[in-house]
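Below are the chains, spelled out letter by letter.
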Amino acid sequence: MSEPEEDLQEESTKKKKKKDKRSVKKKKEKLQQVEEEDEDSEGVELRGIFKIGKKSHDVLLTRTRLTWTPITPETPTGEPCAQQHGVVLLQDIFAVKVKRRRAAGLQSGGPVLGVALFCCKRKGKRLEEETLHLHNASSEHTHTWYNKLKELLTGFSRPRYLKVLINPSSHKKESVHIYREHVAPLFKMADVRTDITVTEMKGHALSVMKECKLDEYDGVVCVGGDGSVAELCHAMVVRAQLDAGSPEKPVKQVLPLGIIPAGSTDVISCSVHGVRDAVTAALHIILGHTQQVDMCSFWSLGQLVRFGFSAMFGFGGRSLARAEKKRWMPSGRRREYALVKTLARLRPEDCQLSFLPVKTSNKSLFEHRDQDQSPDSEGEESWTTNQGLYLSISIMSIPCLSPHIPQGLAPNSRLENGSASLIAVGNTSRSEFIKHLKRYNSSSGQFSFSFVETHDVSAVRIRPRSAIGWSEEESEEEGDSRTSPIIQSEGAAFPWNIDGELVEIANEVVIRVHPQLITLYGEEVDEAESTVSCSCI
């Protein structure tokens, strides 16, 4: 390379370096300008010097955030050093404490070291605890910041007193341990008081909710599985009806409910939080994150059966009925046994399915089924009615996410859109039905079969052709009679899976969706974290 070329290259490199420096300087000036605008718009509450880690920082507190910038000397050339800015939103801070140095055995006192901020850090769908230490040996300076931070945090709408119900029998009987080890310390750190009841039997939560003075609390917390959560949700809506003097009409329950997952699948918790994680659930409660959620009412012969979020008739109901007879098995093994056994004795149900669509269905019904646009029992409502053989019928007002099915049994459902997903699986071969089930573990395609139809509905009626019921003790020699329904003794009840609880009903069931009937702590998610996959089929 010739000397002129070398000179040109050196000159070009120098120009590039100068350009980069000017660009960095402009970016810093712009960032400083944005920060100054933020200060002017938000109003600076406090500004001071704290040591974070091993370096001194200029810390700025506004009404919405805390920012810090390292204090660094200028370089010999006079150019500012690259500075690592930090920021935390006050809405993510759930506790503030004064740090002190104490000798061993002392419970109080000691020289002041600064302020500790306990923050909520998002990691995917999980919420984790993170601590920011602001070191300053000045007692006056520290307490000024501590008092101002506490004052600003009281401006957020967060629970201060909670009614906690714990089901000690959930899943592996770990709910009390989960609460004591993972939840109670966070509540204590955030100065949240609790009134705890450990339930003793099924229905205990309902009796507690009917009797306790709910106006004393800011929210209710359930520690347990889907059955416990569904029972408490039902109890809260019933309590709202009693308080409003409206036993016939569903009444919105304004008191929020928090769900600490401690079950085997925790479908409701996953649908609200996206994960089965007690810390995430506890932090949502502490920070006051709330979500309005639709619920369904289930009726038979004009009598309310219960309020809930999801129901399965046919395959889902029978699988649960068989699983309940094997409670001595571990939950995973029990679930796989019930699925395999029910698939081995796969039978359709002959019933009349009616629904109120909220929009045009993405699939047409089987051609051989009759259409009836105005059943006689529902006045002016325009129902669609079909008679036929069904292997499975599901009605879900929430996505029903779980670690086993990350995208949910009803991936198109939302928590508060005022509708439910109706998934009707018509009569087909066992192999085709298994293909349909397997696709729930994949990304999509579970509804792309000709025998599967989905609808967004506001109400559903399932009317068995006769009270034919079912029996697990079906004859092994019956063979594969997929083309005909099971006919048992008159008056036998059909098994329903309602929010993971077995409910046996002999007559027709009417399900109605009630928009935003309950408030849950959490935030709606589109997909759950997958930690397990079902390999039984």
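Please refer to the structure higher up on the page.
Only a predicted model underlies this, so the values are computations on that prediction, with no experimental measurement involved.

*Asks:* Could you clarify how one ought to interpret the nonpolar core in this entry?
*Replies:* Note on soluble globular proteins: their nonpolar side chains tend to be buried together. Within the largest apolar cluster, 52 residues are counted, with the highest numbers of intra-cluster contacts made by Val220 and Leu232. Each residue touching Leu232, except ones within four places of it in the same chain, is listed here: Leu165, Ala205, Met209, Val220, Val221, Cys222 and Leu257. Ranked by size, the runner-up nonpolar core spans 28 residues in total, among them Leu127, Val221, Ile260 and Tyr521.

*Asks:* Sorry if this is basic, but what is going on with the side chain of Thr385 here?
*Replies:* Relative to the assigned elements, Thr385 resides in strand S16 (residues 384-396). By relative accessible area, Thr385 is classed as buried at 7%. Within the local environment of Thr385, its side chain forms a polar contact with the side chain of Ser354, the two groups lying 2.9 Å apart.

*Asks:* How should I be thinking about unusual backbone geometry in this particular structure?
*Replies:* Trans peptide bonds make up most of the peptide bonds, and negative phi angles are found at most residues other than glycine. Backbone geometry places Asp499, a non-glycine residue, at a positive phi of 55°. Residue placement: Asp499 occurs in the loop between strand S19 (494-498) and strand S20 (501-505). By relative accessible area, which is 5% here, Asp499 ends up buried.

*Asks:* It is not clear to me how the pattern of salt bridges should be interpreted in this structure. Could you clarify?
*Replies:* Pairing is possible between side chains that carry opposite charge, provided their charged atoms lie close to one another. Applying the stated criterion across every chain, the model contains 16 salt bridges. Put simply, Lys148 and Glu151 hold a salt bridge, and the shortest N to O gap is 3.5 Å. With Lys148 and Glu151 both in helix H2 (residues 139-153) and 3 residues apart, the pair spans about one turn of that helix. With a shortest N-O distance of 3.0 Å, Arg239 and Asp243 are connected by a salt bridge. Pair noted here: Arg239 and Asp243 are both in helix H5 (residues 226-244), with a separation of 4 residues, about one helical turn. Here Asp243 falls in the exposed class, since its relative accessible area comes to 53%. Connected via shared salt-bridge partners are Glu45, Arg63, Lys148 and Glu151.

*Asks:* What should I look at first to understand the environment of Pro330 in this one?
*Replies:* Residue placement: Pro330 occurs in the loop between helix H8 (315-324) and helix H9 (331-344). What makes Pro330 exposed here is its relative accessible area of 51%. In this structure the C-alpha to C-alpha distance between Pro330 and Ser264, which are 66 residues apart in sequence, comes to 9.8 Å.

*Asks:* Which parts of the structure should I look at to understand the state of the cysteines?
*Replies:* By definition, a disulfide links two cysteine residues through a covalent bond between their sulfur atoms. Enumeration over the complete set of coordinates arrives at 0 disulfides. With no disulfide partner, Cys119 has as its closest neighbouring cysteine sulfur the one in Cys120, 8.7 Å distant. For Cys119, a relative accessible area of 4% gives the class buried.

*Asks:* Explain the side chain of Ser228 to me, please; I cannot follow it from the model alone.
*Replies:* Within the element layout of this structure, Ser228 appears in helix H5. The buried category is assigned to Ser228, whose relative accessible area is 13%. Among the polar contacts listed, one links the side chain of Ser228 to the side chain of Asn167, at a separation of 2.7 Å. Other than its neighbours up to four places away in sequence, Ser228 contacts Asn167, Ser170 and Cys222.

*Asks:* Sorry, what's going on with the pairing of strand S6 (residues 112-123) here?
*Replies:* Within a regular strand, the side chains alternate between the two sheet faces. Relative to S6, strand S5 (residues 93-100) runs antiparallel, the two being bridged by 7 bridges. Paired with Val98 across the strands is Val115, a residue of S6. In sequence, S6 turns back onto strand S7 (residues 126-135) through a hairpin of 2 residues, with Gly124 there showing a positive phi of about 70°.

Reading guide: rules and limits
Residues numbered from 1 in each chain as written. Predicted model: local features only at pLDDT ≥ 70, side-chain atom pairs only at ≥ 80, totals over all residues. Heavy atoms only, no water. Core = buried A, V, L, I, M, F, W, Y, C linked by side-chain atoms within 4.5 Å. Buried < 20%, exposed > 50% of the residue type's maximum accessible area, 1.4 Å probe, protein only. Contact = heavy atoms within 4.5 Å. Helix = DSSP H or I, 4+ residues; strand = E, 2+ residues; numbered from the N terminus. Polar contact = N/O pair within 3.5 Å; in protein donor to acceptor, adjacent residues only side chain to side chain. Salt bridge = Lys/Arg side-chain N within 4 Å of Asp/Glu carboxyl O. Disulfide = S-S within 2.5 Å. Pairing = 2+ DSSP bridges.

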